[in-house]
Amino acid sequence: TGAERHPARGLDFRPVEPNTLDAVVVPEGYRQAVVIRWGDPLFPDAPAFDFDRQTAAAQARQFGYNCDFAALLPLDPTGRTNLLVTNHEYTGEPFMFRGYDEANPTRGQVEVAWAAHGLSVLRVDQDRDGRLTPRFSPRNRRITATTPFELRGPAAGSDLLKTGADPTGTRVLGTLNNCAGGVTPWGTVLSGEENFNQYFAATGDPRETRYGIKDNPTTRKWERFDERFDLAREPNEANRFGWVVELDPHDPDSTPVKHTALGRFKHECANIRIAGDGRVVAYSGDDERFEYIYKFISRKKVRRGGGRSVRRHNMTLLDEGTLYVARFTGDSPPAEIDGSGRLPSDGRFDGRGEWVPLASGTRSFVPGMTAEEVYVFTRLAGDRVGATKMDRPEDIQTHPHTGVVYCALSNNVDRGKEGKEGATEPNPRVDNKHGQVLELTERGGDALALSFSWNLMLVCGDPASPDTYFAGYDKSRVSPISSPDNVAFDRHGNLWISSDSGGALGGLNDGLYAVPVAGRERGHLTAFLTVPRGAETCGPVIGERVVTVCVQHPGEVDGASADNPASHWPDGGDSQPRPSVVAVWREGRRIGE
Ligand code: FEO
Ligand code: CA
Ligand code: CA
């Protein structure tokens, strides 16, 4: 594919060849630079980063670790000034500290890790070519594992959310494991608390186990330094994580919110679509093997226009509404879905589905569960109504022109294993290492519809392999891709996909890919960039003049650590790897044109 130019509008770049380089690789003619790295100062008083002398106080004023989601919010009509809002999903202590002793972390190391989680807000200025420069600004902000949040919505104040430190059940310290997210039409940022299970020492309560809270002690051992992480002492603290968070980055003094109406699970993301009557719909995936896809429909309607009071109203839209979970059915005979990934005789993995209501305010639709229980133990509610077990639902985005919903299903190597569910039409491969991308069309194109049709647009992997599918496109002309994670659209309506394969495609680096979803070029997927060794590509933002991606966990490969780094990106030499945001642009030309 190396020499061929892409005929689709906005995708005219020479695809990047698959590689294992310790570098960000971009198409010929494009430029790239790191915008901000782990440890870079966000405030004039922040100390310069010093890998060997880290402190929590410094980290709380610097860019956090393992950036995942990113949003680029223009502050002016030209997009010259912007806010870059970034999630810091998790910390990798063995990569952050030389000689790290996993059995005995120090209080200092644990407090650095708390300060390295959360979110960052950073002003970035864009020049005429698209290049981004970070700035100190009064809006710059760090949110960490100890920043106060307000719990809102139908489960706020529930006994299930009360703790010794918070008898109201409405105030939580911090956000953890913020993975993907979304930008709302009203200019705020949503962020999904994903694998929060790993931070809490388990008691063995089956409701904890259902969420993957199993370890005691935990790997990080935070429970030694703050008893709220020990569920034997503070049984409800874990119930206060696993929510969709909303942050108003325009107001640096605002208290961020956790929205209980969207349910509690390993939220990958939440993305909003405005329905015809002004109500809003939020889609969210629960990223774990055999978990579900959810949809929320608000009771209230969006108000248009900018300004603080409009934004304040719109920030209540996710407080009241109805939460649904998806049930998929296939239209091909089950015998034709043999787990190999071969297409059934109708030539498509496709079918219909319905949104099954779980709860609305104080009303539960799930037999044997109160509404509060549905919101706090949403996975159990999905189990009871027979929701469809999917292959790791990751990012979900609505196409800006057609309203079709795109969901990345990352992979599921447990499908078909003994005691586990086998292949189903939306999840058609056993031992699914490479994932698929699902298109979901709401009935009549109406975001409020309670039924839909669906089909798999991509079944990922090595295109030379018979178990892959690229919307029927000539597979000799597409790039290999494994484990789709984040999805985004450019202004032409092309779908961009970032990958997190952990080397599943023969050890090749992950990347950012683009593919038309309509017309003759539908399915013609090509690689726009690849990221360094051990990194995943995430948080893509596709602008007219700049593409940004987060390069998360460079050098995170088996056996590597700060004492034995597997990557020296981005600083080179014998430096330690640093998770960073990268911008890609062209001088004097638009992206892909
Ligand atoms: Fe944090 Fe689902 O990726
Ligand atoms: Ca079919
Ligand atoms: Ca992700």
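Here the structure is a predicted model, which is why all the values come from computation and not from measurement.

Caption draft 1: Spotlight on the overall build of the protein. Secondary structure assignment for the protein yields seven helices and 32 strands. Relative to the compact-globule value of 25 Å for 593 residues, the protein shows a C-alpha radius of gyration of 22 Å, a close match. For the protein, buried positions account for 55% of its 593 residues.

Caption draft 2: Local environment of the confidence of the model for the protein. For the protein, the average pLDDT comes to 97, and 99% of its residues sit at 70 or higher. Interface confidence for the predicted complex, expressed as ipTM, amounts to 0.97; the pTM equals 0.98.

Caption draft 3: The nonpolar core, seen in detail. If you look at the biggest cluster of nonpolar residues, it comprises 157 residues, and the most contacted ones within it are Ala70 and Tyr513. Leaving out residues up to four positions away in the same chain, Tyr513 has contacts with Ser479, Ile481, Trp496, Ile497, Leu525, Thr526, Ala527 and Phe528.

Caption draft 4: Seen up close, the pairing of strand β27 (residues 495–499). Taken across its five residues, β27 has five buried, putting it largely inside the fold. Every second residue of β27 is oriented toward a common face, with Leu495, Ile497 and Ser499 on one face and Trp496 and Ser498 on the other, all of them buried. By the bridge criterion, five bridges tie strand β26 (residues 484–489) to β27 in an arrangement that is antiparallel. Pairing of Val487 across the sheet is with Ile497, part of β27. Where β26 folds back onto β27 in an antiparallel hairpin, the turn is made up of five residues, including Gly493, whose phi is positive at roughly 90°.

Caption draft 5: Up close: the sheet that holds strand β1 (residues 31–37). Strand order in the open sheet formed by four strands is β1-β32-β31-β30, with antiparallel pairing between adjacent strands. A strand with exactly one partner marks an edge of an open sheet, and here the two such strands are β1 and β30 (536–542). Looking at each pair of strands side by side, their axes are set apart by 25° on average, direction ignored. Pairing geometry for β30 and strand β31 (residues 546–552), over five bridges, is antiparallel. Paired with Val541 across the strands is Thr548, a residue of β31.

Caption draft 6: Looking closely at the environment of Gly472. With respect to the element layout, Gly472 can be found in the loop between β25 (469–470) and β26. For Gly472, a count of 12 C-beta atoms within 10 Å translates into the label exposed. Sequence separation between Gly472 and Leu458 is 14 residues; the distance between their C-alpha atoms is 8.9 Å.

Caption draft 7: Main features of the sheet that holds β27. Pairing in this open sheet of four strands is antiparallel, and the strands run β26-β27-β28-β29 from one edge to the other. The open sheet has two edge strands, β26 and β29 (526–530), and neither has a second partner. The mean inter-strand angle of the sheet, taken between neighbouring strand axes irrespective of direction, is 25°.

Caption draft 8: Examining helix α3 (residues 107–116) more closely. Burial analysis of α3 places eight of its ten residues in the buried class, the great majority of the element. Turning to α3, its buried residues are Gln109, Val110, Glu111, Val112, Ala113, Trp114, Ala115 and Ala116. On the buried face of α3, the contacting elements are α1 (56–59), β3 (81–88) and α2 (93–96). Of the residues one or two after α3, Gly118 is the one with positive phi, at around 105°.

Thresholds applied
- Residues numbered from 1 in each chain as written.
- Chains lettered and ligands numbered in written order.
- Predicted model: local features only at pLDDT ≥ 70, side-chain atom pairs only at ≥ 80, totals over all residues.
- Helix = DSSP H or I, 4+ residues; strand = E, 2+ residues; numbered from the N terminus.
- Rg over C-alpha atoms; globule rule 2.2 N^0.38 Å.
- Buried ≥ 20, exposed ≤ 12 C-beta atoms within 10 Å, placed from the backbone.
- pLDDT = per-residue confidence, 0-100.
- Core = buried A, V, L, I, M, F, W, Y, C linked by C-beta atoms within 7 Å.
- Contact = placed C-beta atoms within 7 Å.
- Pairing = 2+ DSSP bridges.
- Axes fitted to C-alpha atoms, helices over the stretch in contact; angles between N-to-C directions.

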